[in-house]
Amino acid sequence: MESSAYITLKDVVFSRSGRRIFDGITLDIPEGKITAIMGPSGTGKTTLLRVIGGQLKPDSGQVMVAGHEVPKLKRKDLYQLREKMGMLFQSGALFTDISVFENVAFPLRVHTSLPEDMIRDIVLMKLEAVGLRGARNLMPSELSGGMTRRVALARSIALDPELIMYDEPFAGQDPIAMGVLVKLIRDLNSSMGLTSVLVSHDVPESLSICHYACIIADGKVIGAGTPDELRNHPSELVRQFLSGQPDGPVPFHYPASDPATDFGIKGALL
Amino acid sequence: MMDRVAGLGRSSLEVVGSLGRATQFLVGVLAGVPKPATGFPLLVRQLYTVGVLSLAIVVVSGLFIGMVLALQGYTILSDYGSEAAIGQMISLTLVRELGPVVAALLFAGRAGSALTAEIGLMKATEQLSSMEMMGVDPLRRVIAPRLWAGFIAMPILAMIFSVVGIWGGMLVGVEWLGVFEGSFWGNMQSSVDFIDDVMNGFIKSVVFGFVCAWIAVYQGYDCVPTSAGISSATTKTVVYSSLAVLGLDFVLTAVMFGDF
């Protein structure tokens, strides 16, 4: 990786409800690039974003973001660091009691003392960037799923962050909405010089826009590199995930007892 | 047998853990005082939501309870030829007990459950998480204004309840049953003490307001972010608030009015 790391995770261990989610994850996320974090469902991809954002504390290990060790930051410093971060949640997480305009204006009103006319201009510029300037007066309940995510994207870039994290941005989207989101993620990264972390299990879309990708499984990084490097990765599990094979190192069958015993035909020739 | 003991131990640990989390949560909310410029408009909005919008149920309930008290009081007191003391009976009952207690129960049912459901839904739809990730502390922005609004609104609602109840009692006692108006107001004036009765009733409503608002916001913030979790949290808010109000009422009454 030619860029310096904006985010560094070193030997991160994280457990929840007695289950070990991360078992010593080590990962560098380069500055100004799009990095996709992929992996089967339930491997803790969203949890990883929450660890990076300081919403969850790891049991051990180091999480460095922009030179700050996130788990050790005081509450005030953590909130200050988050002003440099944007996060697009899977549900969009718009505030349902205020309009699209007010949703995008929210971080500006809270964190700046800009005059109202300037806030209006910035909000309209951000909405224009996601193609929804005309939807400024709509309420979140009047938006489609794709529009909700675009408004949420406009809100997350309102303060011109250095880092933006996307949590399953393509999940449940129709092909057009997915294409729009892919274009937006790519364009925003190049025009704003953002460091983008994209969590997804939509392999073709993610690999088409990311500069680097890593695959998480069983609490560890099992493969990392450029999309081309991953496609030719020696690990069978990485190849199974990327090609979407139903059986392989991740078995089709959930572990169960002997089928002959379950079906009451023990001794019979199966 | 051992299973039962283990189950009892687990339940006890859960209760103690929950109390610990609730206290930690309260300290976090009270420590994070919002800036006046941003906090005041949020507080006013919540005062409207939890206070003004609870007025209708409080006024109507207060009116009917006052009217029922007058009817029941008249029936009992007239046996002793003391129906003139009906004003005294209604006012003391309302100011000392029914005003704070019933207003708090109504508050828990209307505003408390709404607060829990609102915060729970904000949690389930990741609105609280997104606020955190925008560098905005939800304890300051969402929870604190609701807690303070409940704390401020509840004593005012209790006072309105008592005033409307006394007026309802006057309507039935004086206008309908024919008790002499001078006796009604005169007995009330001579028997109700501002410190012993009105202020003690006010202190009760302040305590109830604080406890009901705390339970409501905590249950919302701590709920399991699913539809079943929000439903359970809303039920818990009403049940725990009602039990807390009735239990605390006994303790406060014993301290304030118990002549041991």
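Every chain begins its residue count from 1, and numbering advances along the sequence as written. Chain letters start at A and ligand numbers start at 1, both assigned in the order the entries are written. Totals for whole chains, interfaces and linings use every residue, but because this is a predicted model, local features are given only for residues with pLDDT of at least 70 and side-chain atom pairs only at 80 or more, for both listing and counting. Values reported for side chains reflect all heavy atoms of the structure, with hydrogen atoms and water molecules removed beforehand.

**Brief notes about the overall build of chain A**
Part 1 of the argument: When helices and strands are counted, chain A shows 10 helices and 10 strands.
Part 2 of the argument: By its C-alpha atoms, chain A is 80 × 40 × 35 Å across when sized along the principal axes.
Part 3 of the argument: Here chain A, with 270 residues, has 50% of them falling under the buried criterion.
Part 4 of the argument: Contact definition: two residues touch when any of their heavy atoms are within 4.5 Å. The contacts of chain A with a sequence gap of at least 6 include a subset with a gap of at least 24, amounting to 62%.
Part 5 of the argument: Per element, the accessible surface of chain A, about 12,900 Å² overall, is 52% carbon and sulfur.
Part 6 of the argument: Lys and Arg are tallied as positive, Asp and Glu as negative. Neither His nor the chain termini are counted. Every charge is mapped onto a representative atom, which is NZ of Lys, CZ of Arg, CG of Asp or CD of Glu. Placing the 28 positive and 31 negative side-chain charges of chain A at their respective mean positions leaves the two points 4 Å apart. Helix and strand labels come from DSSP, where a helix needs a run of H or I of at least four residues and a strand needs a run of E of at least two; each type is numbered from the N terminus. A simple rule labels every residue: compare its accessible area, found with a 1.4 Å probe on the protein chains alone, to the largest value its type can have, and call it buried under 20%, exposed over 50%, or partly exposed in between. Shrake-Rupley sampling with a 1.4 Å probe provides the accessible areas, and residues are treated as covered by the protein chains on show and by no other component.

**Let's talk about the side chain of Thr195(A)**
All names here are of chain A.
Part 1 of the argument: Tracing the backbone through its elements, the reader meets Thr195 in strand β8 (residues 195-199).
Part 2 of the argument: Residue classification places Thr195 among the buried positions, given a relative accessible area of 1%.
Part 3 of the argument: Setting aside residues up to four positions removed in sequence, Thr195 forms contacts with Tyr6, Ile29, Pro30, Glu31, Gly32, Lys33, Glu162, Leu163, Ile164 and Asn189.

**Focus: the environment of Leu230(A)**
Part 1 of the argument: For Leu230(A), the location among the structural elements is in helix α8 (residues 227-231).
Part 2 of the argument: Separated by 162 residues in sequence, Leu230(A) and His68(A) have C-alpha atoms that sit 30 Å apart.

**Observations concerning the pairing of β8(A)**
All names here are of chain A.
Part 1 of the argument: Buried residues dominate β8, accounting for five of its five residues.
Part 2 of the argument: Of the two faces of β8, the one lined by Thr195, Val197 and Val199 and the one lined by Ser196 and Leu198 are each fully buried.
Part 3 of the argument: Strands are treated as partners if at least two bridges between them are detected by DSSP. Judged from the four bridges that link them, strand β3 (residues 34-38) and β8 form a sheet pairing that is parallel. Residue pairing for β8: Ile34 is matched across the bridge by Ser196.
Part 4 of the argument: Alignment of strand β7 (residues 163-167) against β8, held across five bridges, turns out to be parallel. Counted as the bridge partner of Asp167 is Val199 from β8.
Part 5 of the argument: Following the chain from β7 across helix α6 (residues 175-192) to the adjacent parallel β8, one finds a crossover that is right-handed. Clockwise travel from the first strand over the helix to the second, with the strands pointing away from the viewer, marks a crossover as right-handed.

**What to know about a nonpolar patch on the surface**
Residue and element names in this part refer to chain B.
Part 1 of the argument: A surface patch of nonpolar side chains, about 570 Å² in accessible area, is lined by Leu30, Trp148, Ile152, Ile156, Met159, Phe202 and Ile203.
Part 2 of the argument: Among the secondary structure elements, those contributing two or more residues to the nonpolar patch are α6 (138-176) and α8 (194-222).
Part 3 of the argument: The greatest single-element share of the nonpolar patch, amounting to four residues, is contributed by α6.
Part 4 of the argument: Considering the arrangement of structural elements, one finds Trp148 in helix α6. Note that patches include only residues with greater than 30% relative accessible area and no salt bridge, and the join distances are 9 Å for like charges and 5 Å for nonpolar side chains (Val, Leu, Ile, Met, Phe, Trp, Tyr). Note on definitions: salt bridges are taken to be side-chain nitrogens of Lys or Arg within 4 Å of carboxyl oxygens of Asp or Glu.

**A closer look at the sheet that holds strand β6 (residues 85-88) of chain A**
Residues and elements named next belong to chain A.
Part 1 of the argument: What the six strands build is an open sheet, ordered β6-β7-β8-β3-β9-β10; its pairing is mixed. If you trace the sheet from one side to the other, it starts and ends with β6 and β10 (220-225), each paired once. Direction aside, neighbouring strands of the sheet carry axes that sit 15° apart on average.
Part 2 of the argument: Where β6 and β7 come together, four bridges link them in parallel fashion. Bridge assignment links Leu88 to a residue of β7, and that residue is Tyr166.
Part 3 of the argument: Its contacts with the sheet place helix α1 (residues 45-52) against β3, β6, β7, β8 and β9 (212-217), and it is angled at close to 155° to β7. A fitted line through C-alpha atoms serves as each axis, taken over the contacting stretch for helices, and the angle formed by two N-to-C directions is quoted from 0 to 180°.

**Brief notes about the interface of chain B and chain A**
One frequent convention defines the size of an interface as the accessible area lost when the parts assemble.
Part 1 of the argument: Listed per partner, the contact involves 16 residues of chain B and 23 residues of chain A.
Part 2 of the argument: At the junction of chain B with chain A, the criterion picks out three salt bridges.
Part 3 of the argument: The salt bridge involving Arg50(A) is made with Glu126(B); its shortest N-O contact spans 3.2 Å.
Part 4 of the argument: Think of a polar contact as two N or O atoms within 3.5 Å of one another; within protein, one of them needs to be a possible hydrogen donor and the other a possible acceptor, and neighboring residues in sequence only count if both atoms come from side chains. Counting across the interface, chain B meets chain A through 11 residue pairs in polar contact (both at pLDDT 80 or more).
Part 5 of the argument: Those elements giving two or more residues to the side of chain B that touches chain A turn out to be α5 (127-133) and α6 of chain B.
Part 6 of the argument: Take the side of chain B that touches chain A: its biggest share by element is six residues, from α5(B).
Part 7 of the argument: Split by residue class, the side of chain B that touches chain A holds six nonpolar, five polar and five charged. Lys, Arg, Asp and Glu make up the charged group, whereas Ala, Val, Leu, Ile, Met, Phe, Trp, Tyr, Cys and Pro make up the nonpolar group; the residues left over, Gly among them, are polar.

**Focus: the packing of helix α4 (residues 86-124) of chain B against α8(B)**
Residue and element names in this part refer to chain B.
Part 1 of the argument: α8 packs onto α4 with a crossing angle of 15° between their chain directions and a minimal axis gap of 8 Å. By the angle class used here, α4 and α8 are roughly parallel. Viewed along their axes, α4 and α8 form a crossing whose handedness is right-handed.
Part 2 of the argument: The residue inventory of the contact of α4 with α8, partitioned by class, reads 16 nonpolar, seven polar and six charged. Note on terminology: angles under 35 degrees are roughly parallel, angles over 145 are roughly antiparallel, angles of 65 to 115 are roughly perpendicular, and the others are oblique. Note on convention: near helix rotated counterclockwise from far helix by under a right angle means a left-handed crossing. Clockwise means right-handed.

**Here's the deal with the side chain of Arg149(A)**
All names here are of chain A.
Part 1 of the argument: For Arg149, the location among the structural elements is in helix α5 (residues 145-156).
Part 2 of the argument: Notably, Arg149 is buried but unbridged: the nearest opposite-charge side chain belongs to Asp202, and the N-O separation is 7.4 Å.
Part 3 of the argument: Apart from residues no more than four positions distant in its own chain, Arg149 is found in contact with Leu88, Gln90, Glu168, Pro169, Phe170, Ala171, Gln173 and Leu181.

**Examining the confidence of the model for chain B**
Part 1 of the argument: As a per-residue measure, pLDDT tells how confident the predictor is, with possible values from 0 to 100. Confidence in the prediction for chain B averages 91 pLDDT; 98% of positions are at 70 or higher.
Part 2 of the argument: Scoring of the predicted complex yields 0.83 for pTM and 0.79 for ipTM.

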